[in-house]
Amino acid sequence: SEGRRPLVAGNWKMNGLRSSIATVEAIRDGLSPQLLQDIDVLICPPATLISACVEATSGSPIAIGGQNLHARPNGAFTGSISAEMFADLGASYVIVGHSERRAYHYETDDGVHAKALGARRAGLRGIICVGETMEERQQGRALDIVRAQLAIGIPKGATAEDTVIAYEPVWAIGSGRTPTPKEIAEVHASLREMLDKMAGNEGAKIRILYGGSVKPGNARELMSVENVDGALVGGASLVAEDFLGICRAYE
Ligand code: PEP
């Protein structure tokens, strides 16, 4: 909407061995040139597969990204991967603050902010994830929660070039449940309003994705909700035909 180019992004989470490159190849071969004129497509495999995925998609507009990063460029952080390292492999995006990182790795909004700065420093686009739990929604706090997560997480001076937002209700991730279009529209309108108020109208160009149990069967309905500028897809991104079916919601 409003000239924002849709982005369909796949998050493989901790899934995929080298044999899974066949999935990337099938996605690459299944996307028509016409569709790729209209949407951006991104796959975020585990870090171990980034190089192979970059190779498999070279010459195609499909982008490859990381799922998480360390905020610092390098140093004594055993097991961590920096934005510079992802960029060095040819990745162009990185997911920041996914709810699984927040839940299992205790990531805070301040930590998300630091990581988003790290992504920008290395020239990666950060996909900043926000979303409420079911308990928070039932308490009527969904908007307050996601607005606070966005306000703290997003770096000052964020642009559409370096930042994407993903609204992912925690209770919709991997559950097969989704909010109603009306509920999604309410959250996206609220986040949109915050972004639109950012300096220089740049915020108006920043995309807001919806994520949480997006499937081929519901993609068209979810992607047509006002202010939804694409999808962040977990489970359904592991199967080429499912991910392609979601991309084709934009045909
Ligand atoms: C996700 O992990 O970002 C996600 C939205 O997962 P799923 O599509 O499986 O709900």
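Residues numbered from 1 in each chain as written. Predicted model: local features only at pLDDT ≥ 70, side-chain atom pairs only at ≥ 80, totals over all residues.

The name given to the protein in an unreviewed UniProt entry is Triosephosphate isomerase, with the source organism recorded as Methylorubrum suomiense. Heading Sequence similarities (unreviewed entry) of the UniProt record for the protein holds this comment: "Belongs to the triosephosphate isomerase family." Its UniProt record, at the heading Subcellular location (unreviewed entry), says of the protein: "Cytoplasm". (UniProt positions renumbered as here; feature names shortened; annotations may be inferred.)

(A) Broad picture of the UniProt feature "binding site: substrate" (unreviewed entry) in the protein. Those places that UniProt annotates as "binding site: substrate" (unreviewed entry) correspond, in this numbering, to N11, W12, K13, G174, S213, G234 and G235. Maximum C-alpha separation among the annotated residues is 14.0 Å over a sequence range of 225 residues, consistent with a single clustered spot. Note on placement: W12 falls in the loop between β1 (7–11) and α1 (21–30). Overall, the presence of 21 C-beta atoms within 10 Å leaves W12 in the buried class. You can see G235 is positioned in the loop between β8 (230–233) and α11 (240–247). (Helix = DSSP H or I, 4+ residues; strand = E, 2+ residues; numbered from the N terminus. Buried ≥ 20, exposed ≤ 12 C-beta atoms within 10 Å, placed from the backbone.)

(B) Structural context of the UniProt feature "active site" (unreviewed entry) in the protein. Within this structure's numbering, the places UniProt gives as "active site" (unreviewed entry) are H98 and E168. The largest pairwise C-alpha distance within this set of annotated residues, which runs over 71 residues, is 8.4 Å, so the set is compact in three dimensions. By the secondary structure assignment, H98 is in the loop between β4 (93–96) and α5 (99–104). A count of 27 C-beta atoms within 10 Å places H98 in the buried class.

(C) Spatial organisation of unusual backbone geometry. With phi around 55°, S213 is a residue other than glycine that occupies positive phi space. Within the fold, S213 resides in the loop between β7 (207–211) and α10 (216–223). Taking the C-beta count within 10 Å as the criterion, S213 has 21 such neighbours and is therefore assigned buried. Phi angles above zero are rare outside glycine, and N227 is one such case at about 70°. Position of N227 among the secondary structure elements: in the loop between α10 and β8.

(D) Spotlight on the nonpolar core. Grouped together as the largest cluster of nonpolar side chains are 67 residues, with contacts concentrated most on A9, V94, I127, I165, A231 and I246. Those residues in contact with I246 that sit more than four places away from it in its chain are V8, V214, P216, A219, A231, V233 and A236. (Core = buried A, V, L, I, M, F, W, Y, C linked by C-beta atoms within 7 Å. Contact = placed C-beta atoms within 7 Å.)

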